[in-house]
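Okay, here's what each chain looks like letter by letter:
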Amino acid sequence: EKEDAMGAMGSIMKEFGSMGGKNQNIENQIGLLTSYSLTRKTLEKLNYRVSYFNKGRVHDVEIFNESPFIVDIDTSFEQLENEEIFVTILSDKEYKLEIVRDTNAVATVLFFGEMFETGNYKFKIQKSEKFDPTIINEKYKFYINNYNTLTQHFLKNLEVEASFKKGTILQLTAKGNVPEKIVEFLNTLILVAIENDLKEKNATSVKTIQFIDDQLGNIVDSLNYAEKN
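Note that this is a predicted model, so its numbers are computed, not measured.

Novice: Would you mind showing me how to read the sheet that holds strand β8 (residues 122-127) here?
Specialist: Hydrogen bonds between backbone groups are what pair the strands of a sheet, and the pairing can be parallel or antiparallel. Pairing in this open sheet of three strands is antiparallel, and the strands run β3-β8-β7 from one edge to the other. The sheet terminates laterally at β3 (69-73) and β7 (115-117), the two strands that pair on one side only. Pairwise comparison of adjacent strand axes, ignoring direction, gives a mean angle of 30° for this sheet.

Novice: Which parts of the structure should I look at to understand the pairing of strand β4 (residues 85-89)?
Specialist: For a regular strand, the rule is simple: side chains alternate between the two faces of the sheet. With five of its five residues buried, β4 lies for the most part within the structure. With five bridges joining them, β4 and strand β5 (residues 94-99) adopt antiparallel strand pairing. Across the sheet, Ile-89 pairs through a bridge with Tyr-95, a residue of β5. In this antiparallel pair of consecutive strands, β4 and β5, the connection spans four residues. Strand direction decides the pairing type here: β4 and strand β9 (residues 139-144), joined by four bridges, are antiparallel.

Novice: Would you mind showing me how to read helix α4 (residues 147-156) here?
Specialist: Given 3.6 residues per turn, any residue in an α-helix points the same way as the ones three and four places further on. Listed in full, the buried residues belonging to α4 are Tyr-147, Leu-150, Thr-151, Phe-154 and Leu-155. Projected down its long axis, α4 shows its buried positions confined to an angular sector of 135°, all on one face. Where the residues of α4 are buried, they touch α3 (36-46), β10 (158-162) and α5 (179-228). The N-cap residue of α4 is Asn-146: its side-chain oxygen and the backbone nitrogen of Asn-148 are 3.0 Å apart.

Novice: Explain the sheet that holds β9 here, please?
Specialist: If you walk across this open sheet you meet the six strands as β2-β1-β9-β4-β5-β6, and the pairing is antiparallel. Each end of this open sheet is capped by a strand with a single partner; those strands are β2 (61-62) and β6 (108-111).

Novice: Explain the packing of aromatic side chains here, please?
Specialist: Working definition: an aromatic ring pair is given by the centre-to-centre distance plus the angle between the planes. Going through the model one piece at a time under the given rule, you end up with 13 aromatic pairs. For the ring pair Phe-69 and Tyr-140, a centre distance of 5.9 Å and an interplane angle of 80° mean the geometry is edge-to-face. Taken together, the residues Phe-69 in strand β3 and Tyr-140 in strand β9 connect sequence positions 71 residues apart. Each member of the pair Phe-69 and Tyr-140 is classed as buried.

Novice: It is not clear to me how the nonpolar core should be interpreted in this structure. Could you clarify?
Specialist: Generally speaking, nonpolar side chains in soluble globular proteins are found buried as a group. By size, the foremost hydrophobic cluster in this structure holds 23 residues, and its most contacted members are Phe-69, Val-71, Leu-97, Phe-123, Ile-125 and Phe-142. Within the residue set of this core, elements represented by two or more residues are β1 (50-54), β3, β4, β5, β8 and β9. Setting aside chain neighbours within four positions, we find Val-71 in contact with Val-50, Tyr-52, Phe-123, Lys-124, Ile-125 and Phe-142. Core analysis: the next-biggest nonpolar cluster, separate from the first, contains 19 residues, Leu-38, Leu-43, Leu-150 and Leu-155 among them.

Novice: In this structure, what is going on with the pairing of β6? I would like to understand it.
Specialist: Residues Thr-108 and Leu-110 of β6 are buried on one face, while the alternating residues Val-109 and Phe-111, pointing to the opposite face, are not. Bridge count between β5 and β6: four bridges; the pairing is antiparallel. Following the sheet pairing, Tyr-95 is matched in β6 by Leu-110.

Novice: Please explain the environment of Ser-35 as it appears in this structure.
Specialist: Inspection of the secondary structure puts Ser-35 in the loop between α2 (22-33) and α3. Given a relative accessible area of 16%, Ser-35 falls into the buried group. Distance from Ser-35 to Leu-155, taken between C-alpha atoms, is 8.0 Å for residues 120 residues apart in sequence.

Novice: Sorry, what's going on with the environment of Val-109 here?
Specialist: Looking at the secondary structure, you find Val-109 in strand β6. The exposure class of Val-109 is partly exposed, given its relative accessible area of 44%. Along the backbone, Val-109 and Lys-96 are 13 residues apart, and their C-alpha atoms lie at a distance of 4.4 Å. Non-local contacts of Val-109, meaning those with residues more than four positions away in its chain, are made with Leu-90, Glu-94, Tyr-95 and Lys-96.

Novice: How should I be thinking about the packing of α3 against α4 in this particular structure?
Specialist: Two numbers describe a pair of packed helices, the interaxial angle and the distance between the axes. Two elements in contact, α3 and α4, have axes separated by 9 Å at closest approach and are oriented at 115°. In terms of their interaxial angle, α3 and α4 are classed as roughly perpendicular. Classified by chirality, the crossing of α4 by α3 is right-handed. Residues Tyr-36, Thr-39, Arg-40, Leu-43 and Glu-44 of α3 form the contact with α4, whose participating residues are Tyr-147, Asn-148, Leu-150, Thr-151, Gln-152, Phe-154 and Leu-155. When the residues that make up the contact of α3 with α4 are grouped by side-chain class, the tally is six nonpolar, four polar and two charged.

Cut-off values and rules
Residues numbered from 1 in each chain as written. Predicted model: local features only at pLDDT ≥ 70, side-chain atom pairs only at ≥ 80, totals over all residues. Heavy atoms only, no water. Pairing = 2+ DSSP bridges. Helix = DSSP H or I, 4+ residues; strand = E, 2+ residues; numbered from the N terminus. Axes fitted to C-alpha atoms, helices over the stretch in contact; angles between N-to-C directions. Buried < 20%, exposed > 50% of the residue type's maximum accessible area, 1.4 Å probe, protein only. Arc of directions from axis to C-beta. Contact = heavy atoms within 4.5 Å. Polar contact = N/O pair within 3.5 Å; in protein donor to acceptor, adjacent residues only side chain to side chain. Phe/Tyr/Trp six-rings, centres within 6.5 Å; stacked < 30°, edge-to-face > 60°. Core = buried A, V, L, I, M, F, W, Y, C linked by side-chain atoms within 4.5 Å. Parallel < 35°, antiparallel > 145°, perpendicular 65-115°, else oblique. Left-handed = near helix turned anticlockwise from the far one by under 90°. Nonpolar A, V, L, I, M, F, W, Y, C, P; charged D, E, K, R; others polar.

Next comes the structure, spelled out in structure tokens:
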């Protein structure tokens, strides 16, 4: 909310009407925080490409930062997305992989760290820090998300509004089934927005210096010409 953040150059730009008032800035911030590009960049930074679930008797429960394994995707390969992939822990070395819609992957037994590859998939599954010997024979599932669909989902459940009229504080609200995941998303969304803002300000500073240098060059030339006359 500080109006003197850009110093003298900010004052000059205001004189020429290139900078809006406080209300316009708040509207711009709301537009930025609810933009597709910022939300997608946030999800990619958090690596939400894979969602993990504990296979329950009645319904499956998403497990966030508690999965006993991590799916390491080959990002250079175009994966089949949004399909159920089941994992059954057989031992501390092996697991069984089942993909209903991929006939090449029915009940495939693999070692942790071994690359799995078909025409639709290329990834390997590693044990995580949450791996526990007591989970032998436990069944899990995961999805490889489509970032476009995931971004639209998070945007649909995200609200950003001013906390009060003519205020300079924004309130961010998001909905989801896993509170910890939503909290991490909101915190990271703000951090990514700050990083983008700093990059823009740095770019503005560089352009401002270039502009001043150009103007000084022209003025020096004019003064030299005047002096000769």
